[in-house]
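Results of the structural survey
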Amino acid sequence: MKRWFKFILISFALICIMAIAGAGWYISKAIPIGTGYAAKYLCSSVYISKRDPEIVFRDDIAPVHFLYSIIDADTRTENGLKVAVANSFGFFKSKAIYREGCGCTLVVGTTDDTLKNQTFMNSGPDKPSWKLPQNLPWPDGGRESMQPLPLGINADKLKLAVAHAFAEPGPEKKRNTRAILVVYDGQLIAERYARGFDRKMPLLGWSMSKSVTNALVGVLVAQGKLDLKQPAPVAEWQQPEDPRGKITLDMLLRMSSGLKFEETYAAFYAVTDMLYNSHDFAAFSADQPLETEPDTEWYYSSGTANIVARIVRRTAEKEYPNYYTFLRQELFEKIGMRSAIMEPDPSGTFVGSSYTFATPRDWARF
């Protein structure tokens, strides 16, 4: 009996040790993703959207995952830079810095000074004015939504639909609606904002940013500088025997490249590794191997969007040394998206997958 008891005790101890080791390994991989997300999101929300940092952490960051109970985050000024810092027990730390004109960037594989000295966001003396006339209706000005409503619009049903979007179905799973704009026949007919938000506040567009990137490709195609049907100009795929060399820009835009990529927002997946552990999002994505033959399978991939973003940058830089001038002059000014800020990854490529900020009215213009 004693021998069996000793065996059970040793087995239990080994299981406990393995469980602790496994938990430690998981935390060592998951916490840096959490601190990266917290620092980046807090930085953008505070310095671009001008929101209260405590409210941002409580309402937007903490509910994402239980691990945020052991992560602290705050905003501060370091060496003349506005930053957001997130850490867990001092062992895991992430920092994002804010730069005027291009928003926030995680400091990954680089330094504060290197990011501070980048110039791609500078417009020089030709920086445009972003003010809209307040006496004109949307989309040409900043006046209130259209009143009276156009013929055929049921005002009561419209009001009910807008109110429903803000109603919370329950305490556990919330909608957290921040803004609603209803556009009908080119006219803004309804508009509402949650408490603490307003029409002048730039908000994160998440994957609406992909549409901005694709529109920039359209500009370059129209100018004859890119060809959708030709192999994509990606340096990593230029070896003669590389099967990825068959991937066209069109396939990247349609997310049928065949590149391996896991769009799951949790630790150990490609998309979170790219966003929070990588210095160069496009290089990270371009290094992925083929999983299927190009143009045979569709798979949603923020990685390919960042490859496209780098293609846009390198094409635009041939004419625009500060390529953010290209974004403003060739797209934002022409469609009136005057509050748009496309945030860069540490390499300087604007983030084509997630991080574009603009006011709700400017998102509606786009």
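Attention here is on the structure that accompanies the text. (Residues numbered from 1 in each chain as written. Predicted model: local features only at pLDDT ≥ 70, side-chain atom pairs only at ≥ 80, totals over all residues. Heavy atoms only, no water.)

**Observations regarding the overall build of the protein**
For clarity, the threshold we go by: A helix here means a DSSP run of H or I that spans at least four residues, while a strand means a run of E at least two residues long, and both kinds are numbered starting from the N terminus. Between buried and exposed lies partly exposed: a residue is buried under 20% and exposed over 50% of the maximum accessible area for its type, with that area taken using a 1.4 Å probe on protein chains only. Any pair of residues with heavy atoms lying within 4.5 Å of one another is described as a contacting pair. Per-residue and other accessible areas were derived by the Shrake-Rupley procedure at a 1.4 Å probe size, with only the shown protein chains allowed to occlude residues.
Across its full length, the protein holds 11 helices and nine strands. Considering the protein as a whole, with its 366 residues, one finds that 47% of them fall into the buried category. The long-range share in the protein, meaning contacts at least 24 apart out of those at least 6 apart in sequence, stands at 64%. Accessible surface, the protein: about 19400 Å² in total, of which carbon and sulfur atoms supply 57%.

**Examining unusual backbone geometry**
In this structure, Pro139 follows Trp138 across a cis peptide bond, with omega equal to 10°. Tracing the backbone through its elements, the reader meets Pro139 in the loop between helix 3 (112-116) and helix 4 (155-166). Here the phi dihedral of Asp185 falls at roughly 55°; this positive angle occurs in a residue that is not glycine. Take Asp185: it is sitting in the loop between strand 5 (179-184) and strand 6 (187-193).

**Description of the state of the cysteines**
For clarity, the cut-off: The criterion for a disulfide is a pair of cysteine sulfur atoms lying within 2.5 Å.
Applying the stated rule across the entire model yields one disulfide. Two residues, Cys43 and Cys104, share a disulfide whose sulfurs are 2.3 Å apart. Torsion about the S-S bond of the Cys43 and Cys104 cystine: about -80°, corresponding to left-handed handedness. With Cys43 in helix 1 (residues 2-47) and Cys104 in strand 4 (residues 103-106), this residue pair connects regions lying 61 residues apart in the sequence. Overall, Cys43 belongs to the buried group, its relative accessible area being 0%. For Cys104, a relative accessible area of 0% gives the class buried. The closest cysteine sulfur to the non-disulfide-bonded Cys102 is located on Cys104, 8.5 Å from its own sulfur.

**Things to note about the sheet that holds strand 4**
Definition in use: Strand pairing is assigned whenever DSSP identifies at least 2 bridges connecting the two strands. To obtain an axis, a line is fitted to C-alpha atoms, over the contacting stretch when the element is a helix, and the angle between two such axes runs from 0 to 180 degrees between their N-to-C directions.
The antiparallel open sheet is built from four strands, whose spatial order is 1-2-3-4. Strand pairing shows two members of the sheet lacking a second neighbour, strand 1 (72-78) and strand 4, which therefore form its edges. Taking each pair of neighbouring strands and ignoring which way they run, the sheet shows an average axis angle of 25°.

**Brief notes about the side chain of Asn306**
Worth spelling out the cut-off: Here a polar contact is taken to be a pair of N or O atoms separated by no more than 3.5 Å, where protein atoms must pair a possible hydrogen donor with a possible acceptor and residues adjacent in sequence count only if both atoms sit in side chains.
If you trace the backbone, Asn306 turns up in helix 9 (residues 302-316). According to the relative accessible area criterion, Asn306 is buried, its value standing at 1%. Within the structure, the side chain of Asn306 is placed 3.1 Å from the backbone oxygen of Ser302, a separation counted as a polar contact. With residues near it in sequence (within four places) discarded, Asn306 still touches Met274, Phe281, Ala282, Thr349, Phe350, Val351, Gly352 and Ser353.

**Description of helix 9**
What counts, and what does not: Take the number of residues in a helix, subtract one, and multiply by 1.5 Å to get its expected span.
In a regular helix each residue adds 1.5 Å, so 15 residues correspond to 21 Å; helix 9 covers 21 Å between its end C-alpha atoms and thus fits that length. A large share of helix 9 lies buried, amounting to 14 of its 15 residues.

Everything listed is a geometric property; what it means functionally is a separate question.
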